[in-house]
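Read off the chains here:
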There are 2 protein chains.
Amino acid sequence: MFHADLIVGKWKPIILFHLLHNDKLRFSELQRAIPEISKKMLTTQLRELEYHDIVHRKVYAEVPPKVEYSITEYGKKLIPVLEVMRTWGLEHLQHLDELYGTKN
Amino acid sequence: MFHADLIVGKWKPIILFHLLHNDKLRFSELQRAIPEISKKMLTTQLRELEYHDIVHRKVYAEVPPKVEYSITEYGKKLIPVLEVMRTWGLEHLQHLDELYGTKN
DNA sequence: CTGTATCCGCTGTGATACTG
DNA sequence: CAGTATCACAGCGGATACAG
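Bear in mind that the values here come from a model prediction, so they are computed numbers and not experimental data.

Each value, and the rule that gives it
Residues numbered from 1 in each chain as written. Chains lettered and ligands numbered in written order. Predicted model: local features only at pLDDT ≥ 70, side-chain atom pairs only at ≥ 80, totals over all residues. Heavy atoms only, no water. Helix = DSSP H or I, 4+ residues; strand = E, 2+ residues; numbered from the N terminus. Buried < 20%, exposed > 50% of the residue type's maximum accessible area, 1.4 Å probe, protein only. Contact = heavy atoms within 4.5 Å. Areas by Shrake-Rupley, 256 points an atom, 1.4 Å probe, with all protein chains shown as cover. Lys, Arg positive; Asp, Glu negative; His and termini not counted. Charge placed at Lys NZ, Arg CZ, Asp CG, Glu CD. Pairing = 2+ DSSP bridges. Axes fitted to C-alpha atoms, helices over the stretch in contact; angles between N-to-C directions.

Trainee: What am I meant to see in the overall build of chain A here?
Mentor: The secondary structure content of chain A amounts to four helices and three strands. Ordering the α and β elements of chain A from the N terminus gives α-β-α-α-β-β-α. Its C-alpha atoms give chain A principal-axis dimensions of about 55 × 30 × 25 Å. By residue count, 40% of the 104 residues in chain A fall in the buried class. Summarising the internal contacts of chain A: among those between residues at least 6 apart in sequence, 48% fall at separations of at least 24. A total accessible area of about 6,100 Å² is found for chain A, and carbon and sulfur atoms account for 54% of it. Considering chain A, the positive charge centre built from 15 side chains and the negative charge centre built from 14 side chains are found 7 Å apart.

Structure representation (structure tokens):
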């Protein structure tokens, strides 16, 4: 209904977060920035984001290969959405902590 | 990171959407409002939303049973998040249509 | 370096039947 | 009416090896 899956999911917000703060990132840089993600998942998520015109994939015809990912102009429209989600996420954590006293 | 899972996922935004527009809804009313969802999933999602203090579950000690679900005060803080997501969702649909001409 | 291919276990989800 | 219990299965996603 809201098609939220296009930007949420386990990894997409994190990937977008890094891309928003770095302008361009290579595949390996994303891997290092998000160590918990597997190569396969990173590829899958990036392909989906690319398909939906949210990130751009620039391949350099070099050896060894070099690929840079960046947010598209259209993808930048997501910034407010991600901001609102992040803000809410922080407040929500605090609220949950007040309720249960858990820190995680 | 953003803990988006707490309100996104396959059904939660839809459930919240209905609760935001109806104030109170019984279990069966939610079932009818969202025919595609199974009883089990509806229960699961509602329990999670309840656990996170986003919806309130009011049980009437009657026979037959009657249960009403409503948004908590805290849950109302989600409205802007859901609004932003919905707005973006609509724009995104349009954008995808421009790209691929698909209507779905 | 940037992936793809394969195997494979685990979890999420549906269908169905049952209960207070 | 408002669920729970149980079974069953597909697909997500991890690990590993391989490829251009």
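Still to come is the rest of the account.
Trainee: Honestly, the sheet that holds strand S3 (residues 66–71) of chain A in this entry has me stumped. Any pointers?
Mentor: As a general point, the strands of a sheet are linked pairwise by backbone hydrogen bonds and lie either parallel or antiparallel. Residues and elements named next belong to chain A. Pairing within the open sheet is antiparallel, and its three strands lie in the order S1-S3-S2. The two strands at the open ends of the sheet, each matched to only one other strand, are strand S1 (25–26) and strand S2 (55–60). Inspection of the sheet shows S2 paired to S3 by six bridges, in the antiparallel sense. Residue Val59 lies in a different strand from S3, and its bridge partner there is Val67. Relative to the sheet, helix H1 (residues 12–22) contacts S1, S2 and S3, its axis offset from that of S3 by approximately 90°.

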